[in-house]
Amino acid sequence: PPGSTPSGARANRRAMGESDDEMRDAVADEGAKAEAEDQPMEADSDSDDEDRRPPHKRTDGDSEPSPPRRRTPPRERSPRRDEPKKEKNPTRKNPPMEMIIGAEDAAFLVGTGGKTKDKVARVSGARLDLLDADDGKHRLEIFGKDENRRKAKQYVQWVLRQRVGPITVDTDSERRDDLSVVSVPLDCVAYVMGKNGIVLRNIEEEYGTLMFFGKPTSGTEEGVEKLMILGSRRSRRGAELKVMSAVEHKRKGFFVDEKKELRRRLEQVGDGEGDGWGYDVFPFHDDEFSYALGAQGSTRKKLAAASGCILEYIGDVAVMAGNRDERRRCWDYLNWLLKQRKGALNVDPKGRDDVLELPVPSGKAGRLSGKGGNVLRSIEKETSTFCFLTDHRAAADGESRDELMLIFGQDKRGRYMAMDLMEDAMEGKYQPKGGGGGGGGG
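Okay, the environment of Leu130 next. With respect to the secondary-structure elements, Leu130 resides in strand 2 (residues 127–132). Using a relative accessible area of 25% as the deciding quantity, one classes Leu130 as partly exposed. If near-sequence neighbours (up to four positions away) are discounted, Leu130 is found in contact with Ile101, Ala106, Val110, His138, Arg139 and Leu140.

Next up, the structure:
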């Protein structure tokens, strides 16, 4: 690419005094030889330093066209004996599981805009095709691995069962690896469901789960309904915490005691496997809750996206769920956010792998922050980062330097994108994208 540093054989040729034309001929010979051997030509390295920004293609047209390479006719390759022939239609090896359902069931399964069928497919990991059959019936074909197809068929049966009566879930004969059960007080069921089930549907959409109230064959309790949550370990935990948050809002003290601790330890399938997966509880004090929540939950969502951790507020506590690194990031970000209320932060980024540093020249901080912080909030939302100015100075001579913006986030690409947008903002070239969110932060 333009501006790259010659390396390897090219550097040696230039040192030996070869002309540019001779070097181009040599490069073309190398390319032709590589094509003849069906091996890609080794690319030059731009630099030994880590890329500051993700690689991108040049579109400015300033670079000169590469010289044409001499091509040699491709040689015929003899098929290897140990290479199995690829199937044109891999699903034939694993024929679909079929179900015949009526027209009303088919319409209910499809749902508005196909959302219900798509949801079942997403949660089960199978593919669902609905075809016309004889006598006004429909044939549902389920593709995928045996386990995924089995789950999909069971999910479809439970979805259709909702039309005619309560759903009984067998929790005695086998331990399912896709099911979590949450107790919901009877007077909170309607609140958790929402009008026409809209609240449950939104939780399903946010965390990628399938949810319904049912009757398990074990673990029954008086005065509660059991909410079944189907999906992966991570998606089930997120949906579980979201439901607990709604219940605690409706009936304070059901899940959190007066000491700001969970009344019951979270224990679902997938917990306690020794792989670092777990949860932490962060108690709020005084009016910290509203500040950490933000307008319509914008600040909570920002911290969750930046840390890559599940973060939900249940009463006066924040519950963080994920692996150790995710929870560590989330705990730090939330702690720093609350400390901002008392003044400027002094955070040393040394030794962290989730941060970029951007010096902010004197007089540019206001433009970067924007009116009411709208510019910085917009950049954070667009790049899934958590950003703030720090008083920390890395200068060894003790002299005052430019202000330092710290860009935190679990995604490297997002951090570099945020840095680019901030540089544009300081030059007046960035336009914030509507509702960057309110509440605390940055």
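Having seen the structure, we can now continue with the description.
Right, let's get into the pairing of strand 10 (residues 317–322). With respect to burial, strand 10 is a largely interior element, six of its six residues being buried. Both faces of strand 10 are covered, namely the face carrying Val317, Val319 and Ala321 and the face carrying Ala318, Met320 and Gly322. The sheet contact formed by strand 8 (residues 278–283) and strand 10 spans six bridges and is antiparallel. Each residue of the ladder has a partner; that of Gly278, found in strand 10, is Gly322. As defined by bridge partners, strand 9 (residues 310–314) adjoins strand 10 across five bridges and the pair is classed as antiparallel. Residue pairing across strands places Tyr313 opposite Ala318, the latter belonging to strand 10. Counting the residues in the hairpin turn of strand 9 and strand 10 gives two residues, including Gly315, whose phi is positive at 60°.

A separate point is the sheet that holds strand 11 (residues 355–360). Reading across from one edge, 11-13-12 is the order of the three strands in this open sheet, with antiparallel pairing throughout. Only two strands of the sheet have a single neighbouring strand rather than two, namely strand 11 and strand 12 (386–390). Mean inter-strand twist for the sheet, computed between neighbouring axes without regard to direction, equals 25°. As judged from the six bridges shared by strand 11 and strand 13 (residues 403–408), these two strands associate in the antiparallel manner. Along strand 13, the bridge assignment pairs Pro359 with Leu404.

Thresholds applied
Residues numbered from 1 in each chain as written. Predicted model: local features only at pLDDT ≥ 70, side-chain atom pairs only at ≥ 80, totals over all residues. Heavy atoms only, no water. Helix = DSSP H or I, 4+ residues; strand = E, 2+ residues; numbered from the N terminus. Buried < 20%, exposed > 50% of the residue type's maximum accessible area, 1.4 Å probe, protein only. Contact = heavy atoms within 4.5 Å. Pairing = 2+ DSSP bridges. Axes fitted to C-alpha atoms, helices over the stretch in contact; angles between N-to-C directions.

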